[in-house]
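Breakdown of the fold
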There are 2 protein chains.
Amino acid sequence: MCQLLGMNANTPTDVMFSFTGLATRADEHKDGFGIGFFEDRGVRLFVDHHSARQSPVAQLVKTYPIRSDNVIAHIRKATQGRVALENTHPFQRELWGRYWVFAHNGNLVDFHPRLHAAFRPVGDTDSERAFCWLMQELAKAHAGVPAIAELTRTLAELMPTLHRHGTFNMLLSNGQALWAHASTHLHWVVRQHPFGAVALRDEDLSVDFAHHTTPKDRVAVIATEPLTQHEAWTAFTCGELKVFVDGQPLG
Amino acid sequence: MCQLLGMNANTPTDVMFSFTGLATRADEHKDGFGIGFFEDRGVRLFVDHHSARQSPVAQLVKTYPIRSDNVIAHIRKATQGRVALENTHPFQRELWGRYWVFAHNGNLVDFHPRLHAAFRPVGDTDSERAFCWLMQELAKAHAGVPAIAELTRTLAELMPTLHRHGTFNMLLSNGQALWAHASTHLHWVVRQHPFGAVALRDEDLSVDFAHHTTPKDRVAVIATEPLTQHEAWTAFTCGELKVFVDGQPLG
């Protein structure tokens, strides 16, 4: 199964610790990885079709503290589409003068929507088709960037169409918020004051966030499976869509 | 002045040598750098708003041999737009199911085209506006990816509109070809059999391409100023548009 990792914070935060936890699970996921960092409106997207264990690009991400408000990472186990750079998540498009970054875990069966607008897949995955369709439908529903609550309502209307075609765990961000939808496996946790020490589940690594934070900092982390021990991760229910803003779920 | 670097090859080739030559000139260009690598239809785009001298991302690019058919790199000296990730070249968009990568050197004055289609700037540079306008006009002129010669004719019709607004040295690629347009400074060279030793102009570094190539390899390099000594670089004339395919200029 692919692994997803999302981060939404109220102050630019690095994800070296969580990404290390994710990359540890990459043993059986040799089909590439990618990570997109929003810095305000700008995006850095690092992708590699080598595994997150071996890639020099992954090494950079683990050691260079890129501080970001919204992060989406994906470690791929190919189900549809060959192993190639153009099939590596996350995918990126521009809509309404904002970049959008998207990653998907799951498998959509017989999903071939009519893509009649400005968003076409470059690769041949079900995931990129789903992303292009989402962008197309958002563009039809709103003339410009709407308020986050309104965008969330539109996305909530669109999710069941995708969900009907199979497993659709996804992360989506435009740099202002992070949306997460689960069919099967997705968990979230919020870290905030008082911060403490946290240990990764799969690797002998821990960090004391109290040393790296201020009392105002708040960070939401979303992942396929809980990444840490002794933290209160909450599982998404089937078909649940959540939006994270300023390091916490809205509404 | 910003520095541009382009590479178009008939076989995937790394640009560590040329990028090192470009980064050497980055002393007075502290406003970010970026480089986009096409690997078939896929793209890796590395951007940083730190200088190419200091950035760990630039260090990765200088040492990790990413083999690519088409490369566009840019070292920025800000003229319009603040120093921010969203203003860092190259820019990327998708059109007709292909990624397009664009970088610009120069300054367009009073260029505020009507952007009524699907391509909107995310940042606030004249360069990204020009790119969005080019994408819009290409989308209007053709229903799908046309032949390279036809695309070149359309681009040749569009260039004077941009050129009229100021200096417009640019590189553009969709992974199939690399287009280069010059107002002022742009040079190109083709490396092919028999390959020999080449030395950078600005740094004490040379490479013997004979050790790294086969007789069939052919690479075109395009740069603001010649990067090497003792190679026959050709200067673009003012208003000249050239398209490079399989490591050589077409037509």
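See the structure printed just above.
Just so it is clear, the structure is predicted and the values come from calculations on it, not from any experiment.

**Focus: the overall build of chain A**
Tallying secondary structure elements over chain A gives 4 helices and 16 strands in all. Taking 2.2 N^0.38 as the reference for a compact globule, 251 residues should give roughly 18 Å; the C-alpha atoms of chain A span a radius of gyration of 17 Å, in line with that estimate. A principal-axis box enclosing the C-alpha atoms of chain A has dimensions of 50 × 35 × 30 Å. With 251 residues in all, chain A has 61% of them scored as buried. Considering only contacts in chain A between residues 6 or more positions apart, those separated by 24 or more positions represent 72%.

**Section: the interface of chain B and chain A**
Taken together, the contact pairs 32 residues of chain B with 32 residues of chain A. Inspection of the region where chain B meets chain A yields 6 salt bridges. D40(B) is the salt-bridge partner of R82(A), the closest N and O atoms lying 3.6 Å from each other. Viewed at the interface, chain A and chain B are joined by 16 residue pairs in polar contact (both at pLDDT 80 or more). Put simply, the parts of the chain that give the side of chain B that touches chain A at least two residues each are β3 (42-48), α2 (56-63), β5 (91-95) and β6 (98-108) of chain B. Looking at which element gives the most residues to the side of chain B that touches chain A, the answer is β3(B), with 7 residues. Counted by class, the side of chain B that touches chain A contains 16 nonpolar, 4 polar and 12 charged residues.

**Details of the pairing of strand β4 (residues 68-75) of chain A**
Residues and elements named next belong to chain A. With 8 of its 8 residues buried, β4 lies for the most part within the structure. Sheet topology places strand β1 (residues 3-13) next to β4; 7 bridges connect them, and they run antiparallel. Its bridge partner lying in β4, G6 is registered against I72.

**Describing the relation of the copies chain B and chain A**
Between chain B and chain A, which share one sequence, the superposing operator has a rotation angle of 180° and an axial displacement of 0.0 Å; the RMSD is 0.0 Å. Accordingly, the operation relating the two chain copies is best matched by a two-fold axis. In terms of proximity to the rotation axis, the leading residue of chain B is A118(B), whose C-alpha is 3.1 Å off the axis. Of the interface residues in chain B, 100% have counterparts in chain A that sit at the interface too, so the contact is made through matching surfaces.

**What about the environment of E128(B)?**
In this fold, E128(B) is placed in helix α3 (residues 126-141). Placed 97 residues apart in sequence, E128(B) and E225(B) show a C-alpha to C-alpha distance of 23 Å. E128(B) has contacts with Y99(A), E86(B), F91(B), R93(B), R120(B), P121(B), V122(B) and G123(B), leaving out every residue within four places of it along the chain. A distance of 2.9 Å separates a polar side-chain atom of E128(B) from the backbone nitrogen of V122(B).

**Here's the deal with the nonpolar core**
Counting 54 residues, the largest nonpolar core has F19(A), I35(A), F46(A), F19(B), I35(B) and F46(B) as the members making the most contacts within it. Look past the residues within four positions of F19(A) in its chain and what remains in contact with it is L5(A), F33(A), I35(A), A58(A), V61(A), K62(A) and A73(A).

**A word on the side chain of H74(B)**
Residue and element names in this part refer to chain B. Counting through the fold element by element, H74 comes out in strand β4 (residues 68-75). By relative accessible area, which is 1% here, H74 ends up buried. A polar contact is formed between the side chain of H74 and the backbone oxygen of H104, at a distance of 2.9 Å. Look past the residues within four positions of H74 in its chain and what remains in contact with it is C2, Q3, L4, G32, F33, G34, H89, A103 and H104.

**Structural notes on the sheet that holds strand β13 (residues 228-229) of chain A**
Residues and elements named next belong to chain A. The sheet built from 3 strands is open, its strands ordered β11-β10-β13 with antiparallel pairing. This sheet does not close on itself; its edge strands, each paired only once, are β11 (206-208) and β13. Relative to β13, strand β10 (residues 197-200) is paired through 2 bridges, and the arrangement is antiparallel. Bridge pairing in β13 links A199 to Q229.

**Here we look at the pairing of strand β12 (residues 218-223) of chain B**
All names here are of chain B. With 5 of 6 residues buried, β12 is to be regarded as a mostly interior element. Pairing geometry for strand β1 (residues 3-13) and β12, over 5 bridges, is antiparallel. Bridge assignment links N8 to a residue of β12, and that residue is A220. Relative to β12, strand β9 (residues 187-192) runs antiparallel, the two sharing 6 bridges.

**Observations regarding the pattern of salt bridges**
Residues and elements named next belong to chain A. According to the stated counting rule, one finds 18 salt bridges over all chains in the structure shown. Notably, a salt bridge pairs R93 with E128, separated by 2.8 Å at the nearest N-O pair. Highlighted residues: R93 in strand β5 (residues 91-95) and E128 in helix α3 (residues 126-141), separated in sequence by 35 residues. For the pair R93 and E128, a shared accessibility class is recorded, and that class is buried.

What counts, and at which threshold
Residues numbered from 1 in each chain as written. Chains lettered and ligands numbered in written order. Predicted model: local features only at pLDDT ≥ 70, side-chain atom pairs only at ≥ 80, totals over all residues. Heavy atoms only, no water. Helix = DSSP H or I, 4+ residues; strand = E, 2+ residues; numbered from the N terminus. Rg over C-alpha atoms; globule rule 2.2 N^0.38 Å. Buried < 20%, exposed > 50% of the residue type's maximum accessible area, 1.4 Å probe, protein only. Contact = heavy atoms within 4.5 Å. Salt bridge = Lys/Arg side-chain N within 4 Å of Asp/Glu carboxyl O. Polar contact = N/O pair within 3.5 Å; in protein donor to acceptor, adjacent residues only side chain to side chain. Nonpolar A, V, L, I, M, F, W, Y, C, P; charged D, E, K, R; others polar. Pairing = 2+ DSSP bridges. Least-squares fit on C-alpha atoms with pLDDT ≥ 70 in both. Core = buried A, V, L, I, M, F, W, Y, C linked by side-chain atoms within 4.5 Å.

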